[in-house]
Every structure is written in structure tokens, then in C-alpha cells.
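# Per-entry structural report
Each chain is listed here by its residues.
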Number of protein chains: 2
Amino acid sequence: MPSGRKVPTIQDVARFAQVSTATVSRALSSPARVSEDTRARISEAVRVTGYTLNQTARSLRKRTARTILVALPDIRNPFFSTILDAIERAAAARGYGVLVANRLVGVEANRRLQEFFLSNRADGLLLLDGSVDLANLVELAGEPAEVPIVMACEDIPNAPFHAVKTDNRYAAELATRHLISLGHTRIGHIRGPAGNTLTDDREAGFRDALTAAGLPVCRQWLFDGNFEMERGLKVSESFLALADRPTAIFAANDETAIGFLSGIRRHGLECPRDISVIGFDDLAVAPHFSPPLTTMRQPREALGRIAASALIDLIEGQPRSQVPLRLVLSSEMIVRGSTAPAALPASSLAAS
Amino acid sequence: MPSGRKVPTIQDVARFAQVSTATVSRALSSPARVSEDTRARISEAVRVTGYTLNQTARSLRKRTARTILVALPDIRNPFFSTILDAIERAAAARGYGVLVANRLVGVEANRRLQEFFLSNRADGLLLLDGSVDLANLVELAGEPAEVPIVMACEDIPNAPFHAVKTDNRYAAELATRHLISLGHTRIGHIRGPAGNTLTDDREAGFRDALTAAGLPVCRQWLFDGNFEMERGLKVSESFLALADRPTAIFAANDETAIGFLSGIRRHGLECPRDISVIGFDDLAVAPHFSPPLTTMRQPREALGRIAASALIDLIEGQPRSQVPLRLVLSSEMIVRGSTAPAALPASSLAAS
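Here is a short report on the structure shown in this document. (Residues numbered from 1 in each chain as written. Chains lettered and ligands numbered in written order. Predicted model: local features only at pLDDT ≥ 70, side-chain atom pairs only at ≥ 80, totals over all residues. Heavy atoms only, no water.)

Moving on: the overall build of chain A. Scanning chain A from N- to C-terminus turns up 13 helices and 12 strands. Relative to its 352 residues, chain A shows a buried fraction of 57%. Partitioning the intrachain contacts of chain A with sequence separation of at least 6 by distance along the chain shows that 72% fall at a separation of at least 24. Within the structure as shown, chain A displays about 14600 Å² of accessible surface, and the carbon and sulfur contribution to it stands at 53%. (Helix = DSSP H or I, 4+ residues; strand = E, 2+ residues; numbered from the N terminus. Buried < 20%, exposed > 50% of the residue type's maximum accessible area, 1.4 Å probe, protein only. Contact = heavy atoms within 4.5 Å. Areas by Shrake-Rupley, 256 points an atom, 1.4 Å probe, with all protein chains shown as cover.)

Across all of its chains, the model carries zero disulfides over all chains by this definition. Considering cysteine sulfurs only, Cys271 of chain A is the nearest to Cys271 of chain B, which forms no disulfide, with 19 Å between them. A relative accessible area of 13% places Cys271 of chain B in the buried class. (Disulfide = S-S within 2.5 Å.)

So, about the sheet that holds strand S9 (residues 276-281) of chain B. Residue and element names in this part refer to chain B. Strand order in the open sheet formed by six strands is S7-S6-S8-S9-S10-S12, and the pairing between neighbours is mixed. With one partner strand each, in any of the chains shown, strand S7 (222-223) and strand S12 (332-334) form the two edges of the open sheet. Sheet topology note: the strand S6 (residues 187-190)/strand S8 (residues 248-251) ladder contains four bridges and is parallel. Considered in S8, the bridge of His189 is made with Phe250. Along the sheet, helix H9 (residues 197-212) contacts S6, S7, S8 and S9; its crossing angle with S6, the most-contacted strand, is approximately 175°. Contacting S6, S8, S9 and strand S10 (294-297), helix H11 (residues 254-266) runs over the sheet at an angle of about 150° to S9. (Pairing = 2+ DSSP bridges. Axes fitted to C-alpha atoms, helices over the stretch in contact; angles between N-to-C directions.)

Okay, the sheet that holds strand S9 (residues 276-281) of chain A next. Picture the strands of a sheet paired through backbone hydrogen bonds; they go either parallel or antiparallel. Pairing within the open sheet is mixed, and its six strands lie in the order S7-S6-S8-S9-S10-S12 (chain A). On the outer flanks of this sheet lie strand S7 (222-223) and strand S12 (332-334) of chain A, each paired with one strand and no other.

Looking now at helix H5 (residues 78-93) of chain B. Along an α-helix, residues three or four positions apart point the same way, because every turn accommodates 3.6 residues. All names here are of chain B. Here H5 is 16 residues long and its end C-alpha atoms lie 23 Å apart, about the 22 Å a rise of 1.5 Å per residue gives. In terms of burial, H5 is a largely internal element, 13 of the 16 residues being buried. Between a side-chain oxygen at the N-terminus of H5 and the backbone nitrogen of Phe79 the separation is 2.8 Å; the capping residue is Asn77. Looking one or two residues past H5, Gly95 carries a phi angle of roughly 80°, positive in sign. (Expected span 1.5 Å × (residues − 1). Polar contact = N/O pair within 3.5 Å; in protein donor to acceptor, adjacent residues only side chain to side chain.)

Let us look at the nonpolar core. Ile68, Leu126 and Leu128 of chain A together with Ile68, Leu126 and Leu128 of chain B are the most contacted members of the largest nonpolar core, which totals 109 residues. Looking at this core element by element, the count peaks at nine residues for helix H12 (residues 300-315) of chain B. In contact with Leu126 of chain B, other than residues within four places in its own chain, are Ile68, Leu69, Val70, Ala71, Ile87, Val150, Ala307, Ala308 and Leu311 of chain B. Of all hydrophobic cores here, the second largest spans 44 residues; its members include Ile149 and Ala159 of chain A together with Leu113 and Ala163 of chain B. (Core = buried A, V, L, I, M, F, W, Y, C linked by side-chain atoms within 4.5 Å.)

A few words on the pattern of salt bridges. For the structure on display, the rule yields 42 salt bridges over all chains. Asp85 of chain A is the partner of Arg76 of chain B in a salt bridge, and the nearest nitrogen-oxygen pair spans 3.8 Å. Note that Arg76 of chain B is positioned in the loop between strand S1 (67-72) and H5 and Asp85 of chain A in helix H5 (residues 78-93), a pairing that runs across two chains. Residue classification places Asp85 of chain A among the buried positions, given a relative accessible area of 5%. One salt-bridge network, in which partners are shared between bridges, spans Asp74, Arg76 and Arg103 of chain A together with Asp85 of chain B. (Salt bridge = Lys/Arg side-chain N within 4 Å of Asp/Glu carboxyl O.)

Residues and elements named next belong to chain A. At a minimum axis distance of 7 Å, the contact between H5 and helix H12 (residues 300-315) shows a crossing angle of 45°. Judged by the angle between their axes, H5 and H12 are oblique. The way H5 lies across H12 gives a crossing that is right-handed. Within the contact between the two elements, H5 uses Pro78, Phe79, Thr82, Ile83, Ala86, Ile87, Ala90 and Ala91 and H12 uses Arg300, Glu301, Gly304, Arg305, Ala308 and Ile312. In terms of residue class, the contact of H5 with H12 is built from nine nonpolar, two polar and three charged. (Parallel < 35°, antiparallel > 145°, perpendicular 65-115°, else oblique. Left-handed = near helix turned anticlockwise from the far one by under 90°. Nonpolar A, V, L, I, M, F, W, Y, C, P; charged D, E, K, R; others polar.)

A few words on the packing of helix H1 (residues 10-17) of chain B against helix H3 (residues 36-49) of chain B. Residue and element names in this part refer to chain B. In the contact formed by H1 and H3, the axes pass within 8 Å of each other and the chain directions differ by 125°. For the element pair H1 / H3, the angle class is oblique. Seen along the crossing, H1 lies across H3 with a hand that is right-handed. Residues Asp12, Val13, Phe16 and Ala17 of H1 form the contact with H3, whose participating residues are Arg41, Ile42, Glu44, Ala45, Val46, Val48 and Thr49.

This part takes up unusual backbone geometry. All names here are of chain A. For the peptide bond that leads from Ser290 to Pro291, omega is -5°, which places it in the cis range. At Arg66, a residue that is not glycine, the phi angle is positive and equals roughly 50°. Here Arg66 shows up in the loop between helix H4 (55-62) and strand S1 (67-72).

Right, let's talk about the pairing of strand S3 (residues 124-127) of chain B for a bit. Residue and element names in this part refer to chain B. Alternating residues of S3 divide into Gly124 and Leu126 and Leu125 and Leu127, and every residue in both groups is buried. Alignment of S3 against strand S4 (residues 149-152), held across three bridges, turns out to be parallel. By the bridge assignment, Leu127 is partnered in S4 with Met151.

Following this line, the structure appears as C-alpha cells:
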């Protein structure tokens, strides 16, 4: 607007819309709390008067950017993008925007997280990435930044933050027990990436089930994965090279299971005829895969929604007792076509 | 910090780190431009002095939030999350944060977009969602907000904004020509969602190819999809109910193709023996599907990277001539196992 012109105020907007300034303020900060008609009138008044609600100035006053920062390991993984979708919806419902920091690595991670808060661009951190350096986070959460932090999905053991997660260890035990209940006694596991708590928890659950059933954990049946399809494909080659193969595999996530199945199929093996495979996550593609994938469904929508609400509660200074310190959500087993009863061993076939 | 204490300044940081204030400023705004060692010293000085770079105050002065807003149709779709990953990397490299607005619908969409800019939380809009109301966008881009806007992926015809997109119509023509070159003459198409330019462009390309080959566009072989797997599955039922079926299908995206293939398989049909299917996008799962999916690969990484750069160029006031007005990137055909030569018709088999 021309520099000599008077800057429009909230009073100008209120006068034009024939409502109180309190109503204008409410309409701009919590639009759901005013009627559709009032909102439309205020919107028109804002347009005509050229009023700009200076959120930046407001942030300065209130020390709030009305924005949360979500740090994710890899948004290209549909597991995380579904959670981000739920976070974004929950945040928007409370008037918060969502900033995304994806694939933070090492020193760069610390610098980037600090930058967001040093520059007051976000009010709190929702951390879905358990690989971020704990010391740095503690520094971020302390003076002078005092950043509220909530962890989701990937836990950092002993971190002094609220956390919302799924029962990874128990879910992995259930997945492995499912294979045992089908008569499998030779069971392998494709791990997640090294240094990740999900990897450790899921392997621990796998071991729990085998140990409880008196079955051995066989070193050459533990394969190193990284949660990606391509690695699952690579693992299938190590699997095929074994003289002595397992008859069932618990894969640390669905993407790994899909890559593995793709690999063994290229060599003429069939699932579940030759091998049973159970995944983890229940990605959208899981029911459409061939064979449809048996997997542990994680409550992704609830996880994102609850974590976002908990963080915003902290930002808005609600009493800590209202925010659960460690919330653990349950997974659900979805049995489809990729797991089947163990075939009788060749020796027993010969005997019959 | 205690209220009586002197607020630390950039000079305090420079003194402690034994560098100039210009170097501190550079380290905080463009960390890549200073050495690792200098950055570490300044980082330590910031920590010790308790200095807070007040980006909010800076934004007020410079009218910049150093943040871009990305509006997406559905981040749960891996096609979009891969583009968002590229946008986030490109933006971070230039010191910008990325705010996400997902699944904007109708009036709510307008309100939410306006809010971000009325509150100065973002400097520009990267629009991946062609369903947003054009009039609202034009208002956003004009006085008083003057929001720089770049469109990516989904074009809005005649919109006065820069756009980065792929050659949807031509790519769809190539996909359909591939089916024709395999001897198929009975070819169907599963459309994208109604009212979407991608849907229109891909259907137009499909028609271009059939018309050029002198083949009919058969009304009952045009199926209504919505880019989602579940709808692809539903379409397979309509397909199976036809007395007179096509022998090949061009699906408007990979998710549709995957759902469709999953559906026909449940009824004992095999791809490509009974029907050839080509998709669009080349999702990560496409090579691992059974059969591996023939598809048109879109340059998603380049698309996100170029669109983010173009928007930041606009925000930073670079001459418009440096920003391409309409940049069209090429797609690439990836031939895999889901397409095969048309079988000989039953009549010719009988004659042989």
C-alpha cells in the first residue's frame, strides 16, 4: 500500500464487519469458534480494509510462532507420511502450522534443529527420529531455548521427554509367535537399521518368542536390513545362498518384507508355499501385494494425533499431569496370505 | 534468564568466538558458507552467552519468515512425499523451512491458506494441489498479501503463476502407444479423480494415441478412478462384469494399477497373461510388485527441487526472467513385466 496511507487496524475491520474487535480477534485466531456468516463478513472486511494481522509481531509478544516442528527419519516412507498427515490435521485443528525437517543426519541434524528454535520459527519439537543425538536435544530443551519436546514412534531410552509409541517389542513377539503357531521351528529375522530403537525392540521381541518356545536363535538367520525395499531384495540373495534355510521370516517392516518377497520370487521360490513371511506396519499396499502380506498393523493415525496434541498441550502450558509421560499404543495382527502352516519336512514325506 | 540480566548481543557472541559480527551473522544465516571449525566456535559462543537470534524480530524487519508453505493433495501418497522430500532438501540448503498444508478442501482450503499468509508465517506458496480455488489464489497473490506462488505437478489452466510440471499428456500418449505396439487394439483407461488437470491431461494423451492409431475410444472401457488403490480394486469389479473386456489397461497412476491388479487376481485372472496393465509414476513398490509394474517414471526429485528453487528465487526478488514461466519435465517409460504382447484372438486360434 502507498507509504503515506494509514495502516488499517483491527478496529477498522470490526467497524466494517459490524462486530466487536474481540470477535475479529477470535475469528482470526480460532475461526471454528465463530459462525460461517460472521467469518465471511470478517474475511470480506479484512480484504476491503487491507488489514494484515501481524502474527510475526504477535509471536514476538507472546513468544509463540503457533508452529510445531516435526523431525522425521524419512518422509518418503509411507509409514511416516501417514503419521505426518495425522499430526498436520490435529495441529491445524488447534491453529498450529507444521514445519517439516526430514532426514536429519549427524552434526547437521543438531545445527538444523537449533536453527529453527534459535530463530523462533517453531514453538515445540515432535521428534519421530530416534537417531537424533540425545545430548543435543537435552540442550535444546533446557535454557535458553526451553523447547517443549515430545517423542513419537522412535523412542530414545532414558530421554527426559514425553513419548508416544507402539508396543514394538510385544508386537514383534506376537508376530513371531504367529509363525511358531503355524508349526515353523526354523525362523529368521530381517532387522531394521543399526542403532535404531525400533530395530532393537523388534529383535528383542523376536528373541522373546523363540526363547519362550524353546527354539534356537540362529546367527545366520539374522539378516541386516535398513527398513528399505532394496535392502530386503539384497537380503533375499543372502537367504538363497544359505545351505540351511529358515522356513519363515519375521521382517522388521513391510518394505523389507516386500523387497525380500520380490527377490525370492525372481529365483522361482513361492510365498507361502516355500517360505512364510510376516511384516510390520500394514502399509496401504500390504493387502494388494501378491501374496497379500500378513503384518502387524500400527495405529499410525492415533499415534500422530495423540503426539501432536500432547506437544501442543505442553506448548500452551497445560499442567503436565494432563500429558501422559509414556503412552504405549497397541498393534494389531492382520493375517493375510503370506503366512501358512509349515510344510512337512522332506524326511517325513519320504517316510509316509 | 533472570529479568535483570543484560540481554546478550551478537557482539558478545563475536567477542567470545573471536570472529567478526559479520561472520557470526553469516554463520547463523548461511552456515554452509563458514568453515566447520568457525561454525563450532560460534555455536559454542551462542551457547555460552545465551544469545538468541531473534528471527521473529528479523522477519518483522525484513518481512520474511524464511519459510515456504507447501500445499499437497495427500501426503500419504508416496508420489507426493518423495516430491516433498526434494522440496525440503532444496529449501533447507537455502536456509528456508517448509510448512505443510495437506488435504485442503473447499472453503476450508481458502481459509487455511489465507491464515498462513495473513499471519506472516510463510513467504511464499508452493502449490502441488490443482484443486485449490483459482480466484482465492489470485487474491492471495495480489494486494495486500502479495504472496509469491509457484505451482508444481498439478497445473491450473490459465493461472497467472509460474509452474513446474511433467508432460502428462504426452507421457500418457506414450504409455498408450506402448500397449498398441504390443498388438493390443482393445485398450481401456482408469481415470484419475474428476476435476483434476492430471486426470484430464492423461485421458487426453490416451485418446491422442488411440485416435492416431485409428482405434476406437470405447465408453465402457473408461473407468472412473481417484488415484487410490481401493478404487483400483473397485474398478476391477466393473471390469470383470463386462461381457466384452479390453485386453490392456492404461491406469492413471501406479496405485490405481496396483489395486486393479490385486482385484483381478482375486478372480483368478493373471497379468500379463490375461491383461496388460501400465501405470504412471514409478512408485518405489513398482519394481517389487508381482508382476513388476510397467509404468511412466516421473522426475519427482527434480520436480520438487526445481519448484522450490523457483519459489525462493521469487521470494528473494530475483529477476523474473531467471525463473522459467512454465517448465515441463519429461517422463520416462519403464517397461517391466505387467505388459506383454496381445494374445491371438480366439477366432484366429480356432482357424490355425
